[in-house]
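The lines below spell out each chain.
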Amino acid sequence: MASGILVVFNQEGGRVRRVAYEMLSLAQKLAPGSITALTFGEGADQVREAVGRYGADRVILLSSPTYHRYSSDGFAQAVAQAVEAVDPEALFFPANAWGKDLAPRVAGLLGAGLASDCTEVHRREDGRLGAIRPIYAGKAYARVAIDSPRQIFSLRPNIQAVEESGRAADVLTVDPGLDASSFQAVVSEVIQSQGGQMELTEADIIVSGGRGIKAPENFKVLEDLAEAVGAALGSSRPVADEGWVPHSYHIGQTGKVVSPTVYFAVGISGAIQHLAGISGSKYIVAINNDPDAPIFKAANYGIVGDLFKVVPALANEVRRI
Ligand code: FAD
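Residues numbered from 1 in each chain as written. Predicted model: local features only at pLDDT ≥ 70, side-chain atom pairs only at ≥ 80, totals over all residues. Heavy atoms only, no water.

Caption draft 1: Region of interest: the packing of helix H5 (residues 219-229) against helix H9 (residues 307-320). Running from amino to carboxyl end, H5 crosses H9 at an angle of 20 degrees, the nearest separation of the two axes being 9 Å. Considering the angle they form, H5 stands roughly parallel to H9. Note that H5 runs across H9; the crossing there is left-handed. Where H5 approaches H9, its residues Val 221, Leu 222, Asp 224, Leu 225, Glu 227, Ala 228 and Val 229 are matched on the opposing element by Leu 307, Phe 308, Val 311, Pro 312, Leu 314, Ala 315, Val 318 and Arg 319. Partitioned by chemical class, the residues of the contact of H5 with H9 number 12 nonpolar, no polar and 3 charged. (Axes fitted to C-alpha atoms, helices over the stretch in contact; angles between N-to-C directions. Helix = DSSP H or I, 4+ residues; strand = E, 2+ residues; numbered from the N terminus. Parallel < 35°, antiparallel > 145°, perpendicular 65-115°, else oblique. Left-handed = near helix turned anticlockwise from the far one by under 90°. Contact = heavy atoms within 4.5 Å. Nonpolar A, V, L, I, M, F, W, Y, C, P; charged D, E, K, R; others polar.)

Caption draft 2: Inspection of the packing of helix H3 (residues 72-86) against helix H4 (residues 97-110) at higher detail. Running from amino to carboxyl end, H3 crosses H4 at an angle of 55 degrees, the nearest separation of the two axes being 9 Å. Comparing the axis directions of H3 and H4 gives the class oblique. At the point where H3 passes H4, the crossing takes the right-handed sense. Across from Ser 72, Asp 73, Phe 75, Ala 76, Gln 77, Val 79, Ala 80 and Val 83 in H3, the residues of H4 making contact are Trp 98, Asp 101, Leu 102, Arg 105, Val 106, Leu 109 and Leu 110. Of the residues in the contact of H3 with H4, the class split is 10 nonpolar, 2 polar and 3 charged.

Caption draft 3: Region of interest: the UniProt feature "binding site: FAD" (unreviewed entry) in the protein chain. Cross-referencing UniProt, the feature "binding site: FAD" (unreviewed entry) maps to Arg 211, Ser 236, Arg 237, Gly 267, Ile 268, Ser 269, Gly 270, Ala 271, Ile 272, Gln 273, His 274 and Asn 288 in the present numbering. Of the annotated positions named here, the second largest pocket is lined by Arg 211, Ser 236, Arg 237, Gly 267, Ile 268, Ser 269, Gly 270, Ala 271, Gln 273, His 274 and Asn 288. Among the secondary structure elements, Ser 236 is positioned in the loop between strand E14 (232-235) and helix H6 (237-241). Other than its neighbours up to four places away in sequence, Ser 236 contacts Ser 208, Gly 209, Gly 210, Arg 211, Ile 268 and His 274. (UniProt positions renumbered as here; feature names shortened; annotations may be inferred. 1 Å grid on protein atoms, 1.4 Å probe; cavity = no way out; pocket = protein on both sides within 12 Å on 5 of 7 lines; lining within 4 Å.)

Caption draft 4: Region of interest: H3. Here H3 contains 15 residues, and its C-alpha end-to-end distance of 21 Å stays within 8% of the 21 Å for a straight helix at 1.5 Å per residue. Among the 15 residues of H3, 11 are classified as buried, and the element is accordingly described as predominantly covered. Ser 72, Asp 73, Gly 74, Phe 75, Ala 76, Ala 78, Val 79, Ala 80, Ala 82, Val 83 and Val 86 are the residues of H3 that are buried. On its buried face, H3 is in contact with strand E1 (5-9), strand E4 (35-40), strand E5 (58-62), strand E6 (90-94) and H4. Residue Asp 87 follows H3 closely and has a positive phi angle near 50 degrees. (Expected span 1.5 Å × (residues − 1). Buried < 20%, exposed > 50% of the residue type's maximum accessible area, 1.4 Å probe, protein only.)

Caption draft 5: Region of interest: the packing of aromatic side chains. All chains considered together, the criterion is met by 10 aromatic pairs. With 6.0 Å between their ring centres and 50 degrees between their planes, Tyr 70 and Trp 98 make a pair best called tilted. With Tyr 70 in the loop between E5 and H3 and Trp 98 in helix H4, this pair connects stretches of sequence that are 28 residues apart. Both residues of the pair, Tyr 70 and Trp 98, count as buried. Seen from their ring centres, Phe 92 and Phe 153 are 6.0 Å apart, and the 85 degrees between their planes marks the pair as edge-to-face. (Phe/Tyr/Trp six-rings, centres within 6.5 Å; stacked < 30°, edge-to-face > 60°.)

Caption draft 6: Representation of the UniProt feature "domain: Electron transfer flavoprotein alpha/beta-subunit N-terminal" (unreviewed entry) in the protein chain in the model. As recorded in UniProt, the sites labelled "domain: Electron transfer flavoprotein alpha/beta-subunit N-terminal" (unreviewed entry) are residues 5-187. Along residues 5-187 the backbone is 26% helical and 30% strand, and the end-to-end C-alpha distance reaches 28 Å.

Caption draft 7: How the structure looks around unusual backbone geometry. Of note in this structure, Asp 117 is not a glycine but carries a positive phi near 55 degrees. By the element assignment, Asp 117 lies in strand E7 (residues 113-118). In this structure, Lys 214 is a non-glycine residue whose phi angle is positive, near 70 degrees. Classification of Lys 214 by relative accessible area gives exposed; the value is 57%.

Caption draft 8: Structural context of the site of the ligand. Around the ligand lies a shell of 26 residues, among which Arg 211, Lys 214, Ser 236, Thr 254 and Ser 269 are the nearest. One of the side-chain N or O atoms of Lys 214 is found 2.7 Å from a nitrogen atom in the ligand. One nitrogen or oxygen atom from the side chain of Gln 273 is found 2.8 Å from an oxygen atom belonging to the ligand. Mapping the ligand onto the cavity grids shows that it belongs to the second largest pocket. Among the secondary structure elements, those contributing two or more residues to the shell around the ligand are H6, helix H7 (272-275) and H9. A class-by-class count of the residues in the shell around the ligand yields 6 nonpolar, 15 polar and 5 charged. (Near = heavy atom within 4 Å. Polar contact = N/O pair within 3.5 Å; in protein donor to acceptor, adjacent residues only side chain to side chain. Sits in = over half its atoms within 2 Å of the grid points.)

Caption draft 9: Structural context of the side chain of Ser 72. Along the chain, Ser 72 turns up in helix H3. Here Ser 72 falls in the buried class, since its relative accessible area comes to 11%. Within the local environment of Ser 72, its side chain forms a polar contact with the side chain of Asp 101, the two groups lying 3.0 Å apart. Residue contacts for Ser 72: discarding those within four places in its chain leaves Asp 101, Leu 102, Arg 105 and Ala 185.

What follows is the structure in structure tokens.
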């Protein structure tokens, strides 16, 4: 009978994103002792110890040149082969750009149901797994049950505490026997986003600017606060559309969905499309000179004032502490 959880994640040069540890920590609670991790690419061999520490009992490391460049169809076939070898009851993927591309293809190949962008996965009374995921742009949450024998979930980053279990993962050798030349689509080049800042979807603190900053050069005010509090920078859509910041900063319904501990919304009115991307934040701090701005309804803390006075004062105060 299928059992255990296969946790599939991306890594770069041995660097594992925090969301992988979050998935492993959650998986270990749901199926203790039967967690297999699977990752791809150059540097995959270096992750064995780290994934073991966070809950993987076994790890499949597909580090050969076949997997050095991402291929949606190729990687999906490889995961399907690993599923045959491991026979898990469920698969976890990160709900980041990589996982959002791969998980549906794997679900299609396996004929399995997929619940995407889950904020919770739990064990139900009938012994199967169930999930909770936001719907209607974060306005409501749905309980999801998957009827297919094999269940697939993608997990939103930053929703699960990371717990170390202190064990080393055994290496499980699985050779999917694939040839990269048969892959239909392969990523040919990866261009790093400007600024090299941390991935917004995984950031713990975000300082985000809206049209209230008025001009691109004024973003410096936010950069200063971000540096003081150790935050990543984000923005509302118009600010990115204007070209004031890179598009990778754009947060909201049509941009990135973030779930930091603290989200500073600076000069952002709080349109529903922006709120859709930030509803997973633990604390929202709004800074706006309009006391009636809708952002204050969503915020835990609000400062009514001119951002050009409030933000530098805040940054100075943080540096003073
Ligand atoms: P504004 O609404 O112009 O707000 C600027 C705010 O700055 C105001 O509240 C103002 O009081 C304040 N302000 C001005 N000066 C100061 C000052 N000196 N000090 C302090 N505060 C000041 N938007 C997104 O963000 N993300 C999305 O993903 C997104 N997707 C969309 C999808 C669709 C289909 C559509 C139709 C729209 C989408 N939008 C999205 C746009 C959204 O509707 C809003 O237009 C946008 O979020 C507004 O951006 P803003 O808050 O930066 O600007």
